[in-house]
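# Coordinate inspection notes
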Amino acid sequence: MTTSTKGTAKAPAVLVLEDGRVFRGRAYGAVGVTFGEAVFSTGMTGYQETLTDPSYHRQVVVMTAPHVGNTGVNDEDPESKRIWVAGYVVRDPARVPSNWRARRSLDEELRTQGVVGISGIDTRALTRHLRERGAMRVGIFSGSALPDEDTMLAEVRQAPEMKGADLSAEVATKKTYVVPAIGEKKFTVAAVDLGIKGMTPHRMAERGIEVHVLPATATAEEVFAVNPDGVFFSNGPGDPATADHPVSVMQAVLERGTPLFGICFGNQILGRALGFGTYKLKYGHRGINQPVQDRTTGKVEVTAHNHGFAVDAPLDKVSDTPYGRAEVSHVCLNDNVVEGLQLLDKPAFSVQYHPEAAAGPHDAAYLFDRFVSLMEGQRA
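Per chain, residue numbering runs from 1 following the sequence as it is written. Totals for whole chains, interfaces and linings use all residues, but because this is a predicted model, local features are given only for residues with pLDDT of at least 70 and pairs of side-chain atoms are given and counted only at 80 or more. Processing note: side-chain calculations cover all non-hydrogen atoms of the structure and skip hydrogens and water entirely.

## A look at the overall build of the protein chain
As a reminder, the rule being used: Secondary structure elements are defined from DSSP: runs of H or I of at least 4 residues count as helices, runs of E of at least 2 residues count as strands, and each element is numbered from the N terminus. Both definitions apply: the radius of gyration is a C-alpha atom measure, and the globule rule equals 2.2 Å times residues to the power 0.38. For every residue, the accessible area obtained with a 1.4 Å probe (protein chains only) is divided by the maximum for its type, and the residue is called buried under 20%, exposed over 50%, and partly exposed between those limits. Residues count as neighbours in contact if any of their non-hydrogen atoms are within 4.5 Å of one another. In these tables, accessible area is a Shrake-Rupley quantity obtained with a 1.4 Å probe, and a residue counts as shielded only by the protein chains included in the view. Neither His nor the chain ends contribute to the count of charged residues, in which Lys and Arg are positive and Asp and Glu negative. We put the charge of a Lys on NZ, of an Arg on CZ, of an Asp on CG and of a Glu on CD.
Of the regular secondary structure elements, the protein chain holds 10 helices and 21 strands. At 21 Å, the protein chain has a C-alpha radius of gyration in line with the 21 Å of a compact globule built from 380 residues. The dimensions of the protein chain, computed from C-alpha atoms along their principal axes, are 65 × 40 × 35 Å. The 380 residues of the protein chain split such that 58% are buried. Contacts in the protein chain between residues at least 24 apart in sequence constitute 75% of all its contacts with a sequence separation of at least 6. For the protein chain, the accessible area works out to roughly 15,500 Å², and carbon and sulfur atoms hold 47% of it. With 40 positive and 45 negative side-chain charges, the protein chain shows a spacing of 4 Å between the two charge centroids.

Dropping the structure here:
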């Protein structure tokens, strides 16, 4: 990625998809060149949490909501210390932010962090194209001297694909850190950081859990050295088929019988650890309005998603695994994609979405309580 943080008001910009479709607009954020996987997010709010979600590493995010940037950028809502998206695509950016917590405009924040974006294009047409053709590689080019379309297309097609990408270690913490329990400490959890969002350990801390956040490269011995009451595997970017190390660590946790909870990438890791395959979705689920049914209760939840891969597990039966019986606990009502797994003979479960609700609805907050119940049961 090459960027400039100089003014972008009149700079032309071009978005080029790997299948040759071209959109022309204006630069938004930094001026320069960037490449990634083109995906779309259906959330109408929460753009700051989206931008700072490590799961979006190496992805160019298209916002389906037409007006973006209304509330500016504050210092309270980021989910990590930086913006992770590779590029940003909006139709109609707010000219002036309006919110009592705003400290700067979204355009200013994108420029400061060197994130190349484009505005003024038909994001509805682009979203429909991605729904029909699938997520694909994309490039955004902006500035006074742009290459010809053939050159830009050639550069896009040379960019790495998301399938086969091993990215979790690139976004995870390099050193272990501790998020203390809020109030009385009741449990200790070892959280394997595969791209964790800041709100996730906070939700556990609210429930009296001291969370030790470990690097993605942590070994099973390092996880157990925390003497955890439970082990958590976080969300994160990349292809789960490459995540052999987290899978082996999770298998050690399952073998030991320590209560286990995984979300998003962690759900895919559990799927692989149990012997199921994973596959790439055509265009994925991204946004804060995805309907999921908890099959253990029949309840339908509105949930926050960010995933382009899924677990290939049977929906219609209980499966035998090396760690006992397993079943699909949650399913997406839009397309029947597996949205959760649970073991019936060991204290382990996972979901494919984001129960920390940052940004997003709070329908799935009970999953942290379910994790607490597993640890209480194990202790008893």
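## Examining the domain arrangement of the protein chain
To keep things clear, this is the line we draw: Marked domain ranges trace back to an automatic or database domain assignment. We count a salt bridge whenever a side-chain nitrogen from Lys or Arg sits within 4 Å of a carboxyl oxygen from Asp or Glu. Under this definition, polar contacts are N or O atom pairs within 3.5 Å; protein pairs additionally need one hydrogen-donor-capable and one acceptor-capable atom, and for neighbouring residues in sequence, both atoms have to be side-chain atoms.
Considered domain by domain, the protein chain is made up of domain 1 (12-158) and domain 2 (168-379). On a C-alpha basis, the centres of domain 1 and domain 2 stand 28 Å from each other. Facing 23 residues of domain 1, the contacting portion of domain 2 comprises 23 residues. Along the contact surface separating domain 1 from domain 2 lie one salt bridge. Close ionic contact of Glu37 with Lys280 constitutes a salt bridge, the shortest N to O distance being 2.6 Å. There are 14 residue pairs in polar contact (both at pLDDT 80 or more) connecting domain 1 and domain 2.

## Notes on the packing of helix α8 (residues 244-256) against helix α9 (residues 265-273)
Heads up, the condition is: Where helices are involved, their axes are fitted lines through C-alpha atoms of the stretch in contact, as for all axes, and angles between N-to-C directions lie from 0 to 180°. For classification purposes, angles smaller than 35 degrees are called roughly parallel, those larger than 145 roughly antiparallel, those between 65 and 115 roughly perpendicular, and all remaining angles oblique. Note that Gly is not counted as nonpolar here; it falls among the polar residues with everything else outside the nonpolar set of Ala, Val, Leu, Ile, Met, Phe, Trp, Tyr, Cys and Pro and the charged set of Asp, Glu, Lys and Arg.
Across the interface, α8 lies against α9 with an axial gap of 9 Å and an inter-helix angle of 70°. Between α8 and α9, the interaxial angle falls into the category roughly perpendicular. In this structure, α8 contributes Asp244, Pro246, Val247, Met250, Gln251 and Leu254 to the contact, and α9 contributes Gly266, Ile269, Leu270, Arg272 and Ala273. Taken together, the residues that form the contact of α8 with α9 break down as seven nonpolar, two polar and two charged.

## What about a positive patch on the surface?
Rules: Like-charged residues within 9 Å of one another, or nonpolar side chains (Val, Leu, Ile, Met, Phe, Trp, Tyr) within 5 Å, are grouped into patches, provided each residue has over 30% relative accessible area and no salt bridge.
Together, Arg124, Arg128, Arg131 and Lys282 line one region of the surface with positive charge. Counting residues per element, the positive patch draws most heavily on helix α3 (residues 123-133), at three residues. Inspection of the secondary structure assignment puts Lys282 in strand β16 (residues 277-294).

## What to know about the environment of Pro240
In this fold, Pro240 is placed in the loop between β14 (230-233) and α8. Assessed through its relative accessible area of 0%, Pro240 is described here as buried. Sequence separation between Pro240 and Thr42 is 198 residues; the distance between their C-alpha atoms is 23 Å. If we skip the residues at most four places from it in the chain, Pro240 touches Phe265, Gln268, Arg272, Thr278 and Phe309.

## Some points on the UniProt feature "binding site: L-glutamine" (unreviewed entry) in the protein chain
We count it as follows: UniProt positions are given in the numbering used here, feature names are shortened, and annotations may be inferred rather than shown by experiment. Here a cavity is any set of points on a 1 Å grid over the protein atoms alone where a 1.4 Å probe fits but cannot get out, and a pocket is any open set with protein on both sides within 12 Å along at least 5 of 7 lines; a residue lines the site when it has an atom within 4 Å of a point.
The positions that UniProt labels "binding site: L-glutamine" (unreviewed entry) are, in the present scheme, Ser55, Gly236, Gly238, Phe265, Gln268, Asn306, Gly308 and Phe309. The greatest C-alpha distance among the annotated residues, which extend across 255 residues, is 13.3 Å, indicating that they converge on a single site. Those annotated residues that line the largest cavity are Asn306. For Gly308, the position within the fold is in strand β17 (residues 300-312). Other than its neighbours up to four places away in sequence, Gly308 contacts Tyr279, Lys280, Leu281, Gly284 and Arg286. Leave out the neighbours within four places in its chain, and Phe309 touches Met162, Lys163, Gly238, Asp239, Pro240, Gln268, Tyr279, Lys280, Leu281 and Gln352.

## Section: empty space enclosed by the protein
Basically, it comes down to this: Grid points are joined across faces, edges and corners, and a volume is the space filled by probe spheres set on the points.
One pass over the full model with this rule turns up three cavities of 30 Å³ or more. Looking at the largest cavity, it is lined by 18 residues, and the ones nearest its centre are Thr50, Tyr56, Ile288, His305 and Ala359. A per-element tally of the lining of the largest cavity places β17 first, with three residues. Residues from two domains meet in the lining of the largest cavity; each of domain 1 (12-158) and domain 2 (168-379) gives at least three. When its volume is computed, the second largest cavity comes out at roughly 130 Å³. What lines the second largest cavity is a set of 15 residues, and nearest its centre among them are Gly236, Gly238, His307, Gly308 and Phe309. Top element by residues in the lining of the second largest cavity is β17. It accounts for four residues.

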